[in-house]
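# Residue-level structure breakdown
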Amino acid sequence: MKQIAQAQGIRVRGFAPSAEAAHGLGQALGIETETMAALLASQAQARRELRQLWIIDEAGLLSMKDAHALLTRATAEQARVVLVGDTKQLSAVEAGNPFKSLQAGGIVTAYLDETLRQRTRELKTVVQLIAQGKTVQGIDVLDDAGCLQEVENTDLRREQLAQDYLKLSLKDRANTLLLAGTNQERLALTQTLRAALQAEGRLGQDTFTLLGLRQKNITKAQARYVTMYQPGDVLVPTQDYKKQGLFKGQQYSVVSVDRENQRLLVETLGGQVMGVEPGRCPLKSIYTVQEIAIAPGDQLRWTKNDRAAKKRNGQRFTVEQIQSDGTARIVDKEGQARQINLSGKQYVDYAWVSTTYSSQGTTAERVLALMDSSTTNRESFYVTVSRAKHHLTLYIADKAELMQQAQTSKAKENASDYISLFQGVQTYAQTSQTNSQIFSAINGRNFEQQVGERVGNRVAQCLAASAVGDNRNKSTIDATGTRNSTIDPGDSYNASELGRQIESFAQTARGYLDQQAILECAGDFANAAESINQGLEQLERAVENRTRLAAAIDGLHQTIERQVGQRQSRKLEQGIDADRGISAKVNYADLWQRYSQGVTTRNAAQLDELIGRRALADGQSRKAIALMLVAGSPIVRQIYQEQGKAKALHYANQTAKTVCTRLEPSVEYPTQSQIEIGD
């Protein structure tokens, strides 16, 4: 296809889900490639090329949102799109399964029915059976071929896989893919394998502990809320947010979380501390920090693209040497060696073991897979068994359990998949009417005559084949299909007797068809009833959830009104601001928000002091500053939670006193005992 397109002057480009997959696609086809994310993030070309062909590899991993953006971009650039993938494999993490929807909608589709990756008869048979939905038969073939290792205990399963890996030669190890279902299981298997390799002497002793950044498994919508963050998380914007002081690609470590005001206190690499509202910077990535022990001989991989440093997401490399300060000499798969520094927070992870999801599209000579009960399903099982060329071993707890899990589909669904519940349900009357029409069409001609003609034709074909294959009585068949030689008397049939047999057979066939029609109607009716019941259950749950939500909202409104009323009453009774002319309705949290905009410093205590100085310069009183700190300062809130109310009030009063004393030493302010701060 590439040669045909290029011969006609068409520019061929390839796109894949990850940078490493795109690199492999480019090497295999000899075309320019890029990731899907890079394509969608780039600007459309000002000068359109009239003839382009875009090849999208692993199209099943496209979400509905990305697929819509892709086709919109292709339309704008007048590019023709070829989607390559398999709907039986894993789908996108985000919502939707557009690759399946496009095929169901009638997109022109070409199929590759021959298995090319698998090189052994057993593996070819297994992959074909599973692709046809015959999962149980496929697992039986794997068992007969010795591809299943049953070990009930989880730790012992990991140990068994590690020992089998150590039995391989160094060449076979380099061509072996190790798989696990989840990241947690991947890391556990990695630690087991590293301990075994260190005992063997193939892996050196741990020399340096790297701080690796692993992306949190949350959606873009969830990342807008501070409840999804923990101190120590790292926020990395994917575009500039100058009003908040955030810049693309920079790392901001979360120091504390202010849930009441929906703000994060973050620290830059330079040590500056500032407040951030995650809801106002939607385009960002969130990471957790994990400690990764590194030893000479370790296999690692980059987890983020960096074109300037020539790093690809998913690209593997081996650590040849590493010092205690993080200085390391590494060698990639292409044999390129270089010196790097792994200190600080790095986009790096172990590469000894891969997850099933990340292995989609990968090929290996040998696969050793640790099957996890929580993630094994029809799609992941199909991906696992179809990665190997020659050798496959699955480490399982129980064969019967595997059969059950591997038949359960977890494929992403679309909203359109449920339209059939309302539009595609045939009633029993409709089914009966359809069957009546079918039988009317059959009865339009003599039913016995139709059956007789088919049986007669079949008998003639059998006799002709018998005559051709008989060396003692060779004969030919003329152009009309009749024999030139006479039929052996032993092979002849009495016409009248055959007619009676045909009539009896026809009656039996008619009864069988009637029975089948009834069974089909009953099955359709049962399916329709089940679908309706499921729909009713969903509606009932929705109504129940809506009722509960309404009650919760009413309760929340009442609580807020009660608390606000109590707080205002307390402030009015205590006369907090009467002597300074400030209204009791001042929202001190709003004051904090106003004066903290654009303020950055190296620690949280200095942040409180700087904000207090801005408030004082704007005419706010010492009492107002103290109350503002109580309402908005993360440190006050932290002290309140850890040491109690008295310590928190003392800190707020002392900070306000320090601010006022430093700026206006000639002015006397009331002592701490004169300032009363409410809850």
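Residues numbered from 1 in each chain as written. Predicted model: local features only at pLDDT ≥ 70, side-chain atom pairs only at ≥ 80, totals over all residues. Heavy atoms only, no water.

### Points about a negative patch on the surface
Heads up, the condition is: In this analysis, a patch consists of residues with relative accessible area above 30% that form no salt bridge, clustered at 9 Å for like charges and at 5 Å for the nonpolar side chains Val, Leu, Ile, Met, Phe, Trp and Tyr. Using the Shrake-Rupley algorithm and a 1.4 Å probe, accessible areas are obtained, with residue cover drawn only from the displayed protein chains. A carboxyl oxygen of Asp or Glu within 4 Å of a side-chain nitrogen of Lys or Arg is what we treat as a salt bridge. When charges are counted, Lys and Arg contribute as positive and Asp and Glu as negative, whereas His and the chain ends are disregarded. By convention, the charge on Lys lies at NZ, on Arg at CZ, on Asp at CG and on Glu at CD. Secondary structure elements are defined from DSSP: runs of H or I of at least 4 residues count as helices, runs of E of at least 2 residues count as strands, and each element is numbered from the N terminus. For the exposure calls, accessible area comes from a 1.4 Å probe over protein chains only, and a residue counts as buried if that area is under 20% of its type's maximum, exposed if over 50%, partly exposed in between.
Together, Glu-150, Glu-152, Asp-398 and Glu-401 make up a negatively charged patch on the protein surface. Along the chain, the position of Glu-150 falls in strand S5 (residues 148-150). Using a relative accessible area of 47% as the deciding quantity, one classes Glu-150 as partly exposed.

### A look at unusual backbone geometry
Residues other than glycine seldom take positive phi values, yet Gln-262 does so here, at roughly 55 degrees. Secondary-structure assignment places Gln-262 in the loop between strand S9 (252-258) and strand S10 (263-267). Phi is positive for Lys-310, which is not a glycine, with a value near 60 degrees. As for its position among the elements, Lys-310 is in the loop between strand S13 (299-302) and strand S14 (316-322). Relative accessible area serves as the criterion here: at 67%, Lys-310 is assigned to the exposed category.

### Looking at the confidence of the model for the protein chain
As a reminder, the rule being used: One confidence number per residue, pLDDT, is output by the predictor and ranges from 0 to 100. Residue contacts are defined here by distance: any two heavy atoms, one from each residue, within 4.5 Å place the two residues in contact.
Taken over all residues, the pLDDT of the protein chain has a mean of 77, while the share at 70 or more is 70%. Within the model, pLDDT remains below 50 along residues 424-445, and this stretch shows 22 contacts once partners closer than five positions in the same chain are excluded. Low pLDDT (under 50) marks residues 575-585, which in the prediction has 18 contacts with non-local residues, meaning those over four places away or in another chain.

### Brief notes about the side chain of Arg-173
For the record, the criterion: Between N or O atoms, a polar contact is any pair within 3.5 Å; within protein, one atom must be a potential hydrogen donor and the other a potential acceptor, and residues adjacent in sequence are included only when both atoms are from side chains.
Within the element layout of this structure, Arg-173 appears in helix H9 (residues 170-174). Within the structure, Arg-173 has its side chain in polar contact with the backbone oxygen of Leu-166 (distance 2.7 Å). A polar contact of 3.2 Å, which involves the side chain of Arg-173, links it to the backbone oxygen of Leu-168. When residues no more than four places from it in sequence are discounted, the contact partners of Arg-173 are Tyr-165, Leu-166, Leu-168, Leu-197, Glu-200 and Arg-202.

### Some thoughts on the packing of helix H7 (residues 135-144) against helix H12 (residues 399-406)
We count it as follows: Lines fitted to the C-alpha atoms define the axes, with helices restricted to the stretch that makes contact. Angles between their N-to-C directions range from 0 to 180 degrees. Should the near helix be turned anticlockwise from the far one by less than a right angle, the crossing is left-handed, and should it be turned clockwise, the crossing is right-handed. The nonpolar class holds Ala, Val, Leu, Ile, Met, Phe, Trp, Tyr, Cys and Pro. Asp, Glu, Lys and Arg form the charged class, and all remaining residues, Gly among them, are polar.
Relative to each other, H7 and H12 sit at 145 degrees, their axes nearing to 9 Å. Between H7 and H12 lies a crossing whose hand is right-handed. Facing H7, whose interface residues are Thr-135, Val-136, Ile-139, Asp-140 and Asp-143, H12 presents Lys-399, Leu-402, Met-403 and Ala-406. Residue composition of the contact of H7 with H12, by class: five nonpolar, one polar and three charged.

### Regarding the sheet that holds strand S20 (residues 364-370)
Our working definition: A pair of strands counts as paired when DSSP detects no fewer than two bridges linking them.
Across the sheet, which stays open at both edges, the five strands sit in the order S5-S21-S20-S6-S19 with parallel pairing between neighbours. A strand with exactly one partner marks an edge of an open sheet, and here the two such strands are S5 and strand S19 (354-355). Here S20 pairs with strand S21 (residues 388-396) via six bridges, running parallel. In the strand pairing of S21, Ala-364 is matched with Ala-388. Sheet strands in contact with helix H10 (residues 183-200) are strand S6 (176-180), S19 and S20, and its direction is about 130 degrees off that of S6.

### Some points on the pairing of strand S8 (residues 234-237)
Moving residue by residue along a regular strand, the side chains alternate between the two faces of the sheet. Neither face of S8 is exposed, since Val-234 and Val-236 on one face and Leu-235 and Pro-237 on the opposite face are all buried. Taken together, the two bridges between S8 and S9 define a ladder with antiparallel strand orientation. Each residue of the ladder has a partner; that of Leu-235, found in S9, is Tyr-252. Of the pairings in the sheet, the one linking S8 to strand S12 (residues 284-294) comprises four bridges and is antiparallel in character. Looking at S12, one finds that Val-234 is bridged to Tyr-287.

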